[in-house]
Amino acid sequence: GTDTAAYFTRRQRAGMEQRRQVHDKPRTKPREPVSLSQRALAIASRRLLSRKALRQKLVDEEYDADAIEPVLDRLKEIHLIDDGTLARSVARHYKDRSNRFIAQKLRSKGIDADEDEFALEELPEELERVIATGEKKLRTLRKFESQVQRQKLYQYFASRGFSGSVVQKAVRRLVTGDEDWSDDD
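Because the structure is predicted, anything quoted here is derived from the model rather than measured. (Residues numbered from 1 in each chain as written. Predicted model: local features only at pLDDT ≥ 70, side-chain atom pairs only at ≥ 80, totals over all residues. Heavy atoms only, no water.)

Peer 1: What exactly am I supposed to notice about the side chain of Ser98 here?
Peer 2: Along the polypeptide, Ser98 turns up in the loop between helix H5 (83–93) and helix H6 (99–108). Taking relative accessible area as the criterion, Ser98 reaches 0% and is therefore assigned buried. In this structure the side chain of Ser98 is engaged in a polar contact, spanning 3.0 Å, whose partner is the backbone nitrogen of Phe101. Leaving out residues up to four positions away in the same chain, Ser98 has contacts with Glu126, Arg129, Arg160, Gly161 and Phe162. (Helix = DSSP H or I, 4+ residues; strand = E, 2+ residues; numbered from the N terminus. Buried < 20%, exposed > 50% of the residue type's maximum accessible area, 1.4 Å probe, protein only. Polar contact = N/O pair within 3.5 Å; in protein donor to acceptor, adjacent residues only side chain to side chain. Contact = heavy atoms within 4.5 Å.)

Shown next, in the form of structure tokens:
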């Protein structure tokens, strides 16, 4: 009983003390300063970032703002930063979301409006994407009545940022099997 609890308490304290000692040790070698181009290359090769996001990261690390632009130009030349590729990648990743959601996500990643338009143009029409997403979702809703399926689909699509008119057309097509889901309604 209490002997076991006391034993584990002592072991736990000893473990915490040991971890503290490991983390409190000073580094054996101080970090050497890294050149701007080396740092930018390291960041860009690790993860796909927009030009704006990479610039901000370097400014945050207190590199000279005037020296950053030529380095970013060079990284663009060697295709390590490409806002168009990033925009298309993000758009494909969020293809089950609305155009508005995707555009907002691209803006948050520092992508220009021109690039996000090109990325959205490569995706199927929003209604087609809603229906494809809805077909998957509907498989999990087959056990419910038609009215409940509609409600759940409306909620699902609304949570993904789709407009009411697109959702209405898609739900009608999915639940009733109505083939007339064109834009002429």
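Peer 1: Looking at this structure, I do not really get helix H7 (residues 113–122). What am I missing?
Peer 2: Two residues of an α-helix separated by three or four positions point the same way, owing to the 3.6 residues in each turn. Every buried residue of H7 is listed here: Asp116, Ala119 and Leu120. Down the axis, H7 shows its buried residues gathered within 95° of arc, on one side only. When the buried face of H7 is taken as reference, the exposed residues oriented beyond 90 degrees from it are Asp114, Phe118, Glu121 and Glu122. Looking at the buried positions of H7, the neighbouring elements they touch are H5 and H6. (Arc of directions from axis to C-beta.)

Peer 1: When you look at the packing of helix H9 (residues 146–159) against helix H10 (residues 164–176) in this model, what are you seeing that I'm missing?
Peer 2: For any two helices packed against each other, the geometry is given by the interaxial angle and the distance between the axes. Following both chains from N to C, one finds H9 and H10 inclined at 145°, their axes separated by 10 Å at the closest point. Every pair of crossing elements has a handedness; the one defined by H9 and H10 is right-handed. Contacts between H9 and H10 involve Ser146, Gln149, Arg150, Leu153, Tyr154 and Phe157 from the former and Val167, Gln168, Ala170, Val171, Leu174, Val175 and Thr176 from the latter. When its residues are assigned to classes, the contact of H9 with H10 shows 8 nonpolar, 4 polar and 1 charged. (Axes fitted to C-alpha atoms, helices over the stretch in contact; angles between N-to-C directions. Left-handed = near helix turned anticlockwise from the far one by under 90°. Nonpolar A, V, L, I, M, F, W, Y, C, P; charged D, E, K, R; others polar.)

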